[in-house]
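Overview (structure and organization)
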Amino acid sequence: MSVQSKKEQVQALRERGFVIVRGLVSPERCAAIKQVAEQQLHAAEAPLEFEADLRYPGAPESKDAPGGHTVRRLLDAYARHALYREWATSPEIAGWMELYFGEEPVLSRAHHNCVMTKHPRYGSLTGWHRDVRYWSFERDDLVSVWLALGPETPENGGLWFVPGSHDAPFTSDRFDAAKFFRADLPDNKTWIDRAISPTLQAGDVVFFHCNTLHSAGQNQSEQVKFSLVYTYHGASNVPLPGTRSASKPEVKL
Ligand SMILES: O=C(O)CCC(=O)C(=O)O
């Protein structure tokens, strides 16, 4: 397969709602980032989000249940370590986002901004959703960057994406009360059946639109899966005052 230029990658994101860029981060840099993540997970360094906080399918019932302290996210990656921060604001990312947004890119510290950890046994599955469901900006135009720090496959809880779903004008009745895309509706199933799960290696990156339907299964392997995830928007697309999206200072790139 020929290597796509940055412009082609941006075009692919516009058309399909996501694009995979292989080997964007060197093995050395990934290993260094992962080592920090492993240490912080081991030390249970706050702030953390636990599986038991969200209670998605497969998660422990409560913090007191077996596996109750299984971590889902190492929160506020930007503030946690220089290695995370340097990737978030790297020239590669700044240039990519500037090309996509056509203006100064801004990193949101209110959304994603975390190391996702998915554990064997107590790691939960995440149903079909659009990330923008709980986000509040002037326009639904944000892009997340998912950096795999190790292999990601359907077996260890890798992501699934529905191509073209970012553009679909789904009405609210296609989603349940928690704003998950209802897999029981035949019209929704037609979309879900088109989903693909890209196998990722450490250093591969997925850029995906905030309206792209995605999901992820449980981790059936024996190793914790680590991914570093950030979200960006254009400077003119500001978070709405008083919402969670406006709750943290943002970072101009
Ligand atoms: O890794 C997962 O379970 C899914 C993560 C995800 O889709 C999200 O946090 O929006």
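Cut-offs and rules
- Residues numbered from 1 in each chain as written.
- Predicted model: local features only at pLDDT ≥ 70, side-chain atom pairs only at ≥ 80, totals over all residues.
- Heavy atoms only, no water.
- UniProt positions renumbered as here; feature names shortened; annotations may be inferred.
- Helix = DSSP H or I, 4+ residues; strand = E, 2+ residues; numbered from the N terminus.
- Rg over C-alpha atoms; globule rule 2.2 N^0.38 Å.
- Buried < 20%, exposed > 50% of the residue type's maximum accessible area, 1.4 Å probe, protein only.
- Contact = heavy atoms within 4.5 Å.
- Areas by Shrake-Rupley, 256 points an atom, 1.4 Å probe, with all protein chains shown as cover.
- Lys, Arg positive; Asp, Glu negative; His and termini not counted.
- Charge placed at Lys NZ, Arg CZ, Asp CG, Glu CD.
- Near = heavy atom within 4 Å.
- Polar contact = N/O pair within 3.5 Å; in protein donor to acceptor, adjacent residues only side chain to side chain.
- Pairing = 2+ DSSP bridges.
- Axes fitted to C-alpha atoms, helices over the stretch in contact; angles between N-to-C directions.

As annotated in an unreviewed UniProt entry, the protein chain is Phytanoyl-CoA hydroxylase from Paraburkholderia lycopersici. Quoted verbatim from the Cofactor (unreviewed entry) field of UniProt, the annotation for the protein chain is "Fe(2+)".

1. Considerations on the overall build of the protein chain
For the protein chain, the helix and strand inventory stands at 7 helices and 12 strands. Against the 2.2 N^0.38 benchmark of 18 Å for 253 residues, the protein chain shows a C-alpha radius of gyration of 17 Å, consistent with a compact globule. Overall, the protein chain is about 50 × 45 × 45 Å in size when its C-alpha atoms are taken along their principal axes. Burial analysis of the protein chain (253 residues in total) assigns 52% to the buried set. In the protein chain, of all internal contacts separated by at least 6 residues, the share reaching a separation of at least 24 is 84%. Surface exposure of the protein chain reaches about 11,500 Å², of which carbon and sulfur atoms provide 53%. Of the charged side chains in the protein chain, 28 are positive and 31 negative; the average position of the first set lies 1 Å away from that of the second.

2. Structural notes on the site of the ligand
What surrounds the ligand is the set Arg-72, Arg-73, His-112, Met-116, Lys-118, Thr-126, His-129, Asp-131, Trp-146, Leu-159, His-214 and Ala-216. At a separation of 2.5 Å, an oxygen atom of the ligand approaches a polar side-chain atom of Thr-126. Taking 300 Å² as the accessible area of the ligand by itself, protein coverage stands at 95%. At the level of elements, strand 3 (71-75), strand 5 (114-118), strand 6 (126-129) and strand 10 (214-216) are the ones that each hand at least two residues to the shell around the ligand.

3. Here we look at the sheet that holds strand 8 (residues 159-161)
Strand order in this open sheet of 3 strands is 6-10-8, and the pairing throughout is antiparallel. In the strand order of this sheet, the two ends are held by strand 6 and strand 8, each with one partner. Strand after strand, the sheet turns through a mean of 15° between neighbouring axes, direction not considered. Examined bridge by bridge, strand 6 and strand 10 share 2 bridges and lie antiparallel to one another. From the neighbouring strand, His-129 faces strand 10, where its bridge partner is His-214.

4. Some points on the environment of Ser-144
In this fold, Ser-144 is placed in strand 7 (residues 142-148). Residue Ser-144 is classed as buried on the basis of its relative accessible area of 1%. Through-space distance from the C-alpha of Ser-144 to that of Lys-248 is 17 Å; in sequence the pair is 104 residues apart. Apart from the residues lying within four places of it in its own chain, the contact partners of Ser-144 are His-112, Asp-131, Trp-135, Val-206, Phe-207, Phe-208, Tyr-230 and Thr-231.

5. Observations regarding the side chain of Thr-117
Secondary-structure assignment places Thr-117 in strand 5. Residue classification places Thr-117 among the buried residues on the basis of a relative accessible area of 3%. Polar side-chain contacts of Thr-117 include one of 2.7 Å to the backbone oxygen of Val-71. In contact with Thr-117, other than residues within four places in its own chain, are Leu-41, Val-71, Arg-72, Arg-73, Leu-74, Val-224, Lys-225 and Phe-226.

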